[in-house]
Amino acid sequence: MTTGDDLKIAYSPCPNDTFVFDALAHGRVPGAPGFDVTFADIDITNGMAERGEFDVLKVSYAVLPYVLDAYALLPCGGALGRGCGPLVLTREDGRTGAASGAVGGAGLTGRTVAVPSERSTAYLLFRLWAAEQVPGGVGEIVVMPFHEIMPAVRDGKVDAGLVIHEARFTYRDYGLHKLADMGEHWESTTGLPIPLGAIIAKRSLGTQVLTRLADSIRTSVRAAWDAPEVSRPYVMEHAQEMDPSVADQHIGLYVNEFTADLGEDGYAAVRGLLTRAAAEGLLPPLGPDALDFP
């Protein structure tokens, strides 16, 4: 049950988000604010943030430079880690033995690539990779919901697809091949974990509420780790077409120590991504205190 005083929050129906927010969404975190939950894919929540809608949102790290005047980055609750980066998939195996996808990347020159959002971190990582690995650049970029991308590649509607989430575990079921791993490229060139999704909250809520919110999210994460079976109904309710073992892999990969607290390495990764993208002219530059919390 929600009230008019509840914080309006939007996050995805993906297992990592429902796992993280289960205790909060169901009022099992003592002293936490109430929440009015809306489910939306990341492309939708990115737009919500840019329009200043909702109090709390799960967004792509790539959208932060556009929204940090109104929103603060919370130091917890998001998706950041190692070995969890977006993949570029094709129908044919174009890697030809190249560990980084450098040789295969040349095959994308002038080709059509489906992406989940032009403001997604996945697409930003892809653009940084393509600038080095795809001579002449890719061709048309087509934005589509992430669950439609693998069928589109399989059916020849696009030449390649940039995929996220559980697609890492299921792309072989579609007869597809991994051309390159954006996370491998990021980690090998920076040594930093891969920033994917952030939790942001309106600065107008005030320092006290923001701090309470962050503490509550940490408590919700730890509650899910301590008793994962409690969150299972909520997770599977919103992932009905997903095999439970895939949901478990999804949670295991994307909910980690950085979800409980970004820490020094997490903040270095976020700052590194946004600084590097700004230097390439892909994003506006960040102010020196833009990532400070609260």
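Relevant structure appears above.
Basis of the calculations
- Residues numbered from 1 in each chain as written.
- Predicted model: local features only at pLDDT ≥ 70, side-chain atom pairs only at ≥ 80, totals over all residues.
- Heavy atoms only, no water.
- Helix = DSSP H or I, 4+ residues; strand = E, 2+ residues; numbered from the N terminus.
- Expected span 1.5 Å × (residues − 1).
- Buried < 20%, exposed > 50% of the residue type's maximum accessible area, 1.4 Å probe, protein only.
- Arc of directions from axis to C-beta.
- Salt bridge = Lys/Arg side-chain N within 4 Å of Asp/Glu carboxyl O.
- Pairing = 2+ DSSP bridges.
- Contact = heavy atoms within 4.5 Å.
- Phe/Tyr/Trp six-rings, centres within 6.5 Å; stacked < 30°, edge-to-face > 60°.
- Lys NZ or Arg CZ within 6 Å of the ring centre and 35° of its normal.
- Axes fitted to C-alpha atoms, helices over the stretch in contact; angles between N-to-C directions.
- Parallel < 35°, antiparallel > 145°, perpendicular 65-115°, else oblique.
- Nonpolar A, V, L, I, M, F, W, Y, C, P; charged D, E, K, R; others polar.

**Student:** What is the right way to look at helix α13 (residues 263–279) in this model?
**Tutor:** An α-helical segment advances 3.6 residues per turn. Residues three or four places apart therefore align on the same side. Look at α13: 24 Å from first C-alpha to last across 17 residues, which is about the 24 Å you get at 1.5 Å a residue. Among all positions in α13, only G266, Y267, A269, V270, L273, L274 and A277 are buried. In an axial view of α13, the angular spread of the buried residues amounts to 155°, which keeps them on one side of the axis. Facing away from the buried surface of α13 by more than 90 degrees, the exposed residues are E264 and A279. Positive phi appears at G281, one or two residues downstream of α13, with a value of about 75°.

**Student:** So what exactly am I meant to see when it comes to the pattern of salt bridges here?
**Tutor:** A complete count under the given rule lists 13 salt bridges for this structure. Two residues, D155 and R154, come together in a salt bridge whose shortest N-O distance is 2.9 Å. Residue R154 is classed as partly exposed on the basis of its relative accessible area of 40%. A salt bridge links R218 to D215; its shortest N-O distance comes to 3.3 Å. Note that R218 and D215 are positioned in helix α9 (residues 207–226) at a spacing of 3 residues, about one turn of the helix. Classification of R218 by relative accessible area gives buried; the value is 16%. Each of D215, R218 and D261 takes part in salt bridges that share partners, so that together they form one network.

**Student:** Just checking my understanding: could you explain the pairing of strand β6 (residues 87–90) for this structure?
**Tutor:** A regular strand places its side chains on the two faces of the sheet in alternate fashion. The two faces of β6 match: L87 and L89 on one face and V88 and T90 on the other face are all buried. As judged from the 3 bridges shared by β6 and strand β9 (residues 160–163), these two strands associate in the antiparallel manner. For L87, the partnering residue across the bridge sits in β9 and is V163. Across 4 bridges, β6 lies against strand β10 (residues 177–181) in antiparallel orientation. Its bridge partner being in β10, L89 is matched across the sheet by K178.

**Student:** I tried to follow the environment of L274 on my own but got confused; where do I start?
**Tutor:** For L274, the position within the fold is in helix α13. On a C-alpha basis, the gap between L274 and P15 in space is 26 Å, while along the polypeptide they are 259 residues apart. Excluding residues that lie within four positions of it along the chain, L274 makes contacts with Y61, A62, L64, P65, L283 and L286.

**Student:** What is the right way to look at the packing of aromatic side chains in this model?
**Tutor:** The description of two aromatic rings rests on the distance between their centres and on the angle between their planes. All chains considered together, the criterion is met by 5 aromatic pairs. A cation over a ring is seen here: K8 above F54, with NZ or CZ 4.6 Å from the ring centre. We note R119 situated over the ring of Y66; from NZ or CZ to the ring centre the distance is 3.8 Å.

**Student:** What's the story with the packing of helix α8 (residues 182–190) against α13 in this structure? I'm lost.
**Tutor:** For any two helices packed against each other, the geometry comes down to the angle between their axes and how far apart the axes lie. The N-to-C vectors of α8 and α13 enclose an angle of 95°; their axes lie 12 Å apart at closest approach. With respect to each other, α8 and α13 are oriented roughly perpendicular. Every residue of α13 that contacts α8 at H185, W186, T189 and T190 is listed here: A269, G272, L273 and R276. Per-class residue counts for the contact of α8 with α13 are 3 nonpolar, 4 polar and 1 charged.

**Student:** So what exactly am I meant to see when it comes to unusual backbone geometry here?
**Tutor:** Residues apart from glycine generally show negative phi values, whereas peptide bonds are mostly found in trans. The step from F293 to P294 runs through a cis peptide bond, and the omega angle for that step is 0°. Along the chain, the position of P294 falls in the segment after α13. In this structure, F54 takes a positive phi of about 75° despite not being glycine. Mapped onto the secondary structure, F54 falls in the loop between α2 (42–50) and β3 (56–60). The exposure class assigned to F54 is buried, which follows from its relative accessible area of 13%. One non-glycine residue with positive phi stands out, namely H165, at about 55°. Mapped onto the elements of the fold, H165 is located in the loop between β9 and α7 (167–170). Classification of H165 as buried rests on a relative accessible area of 18%.

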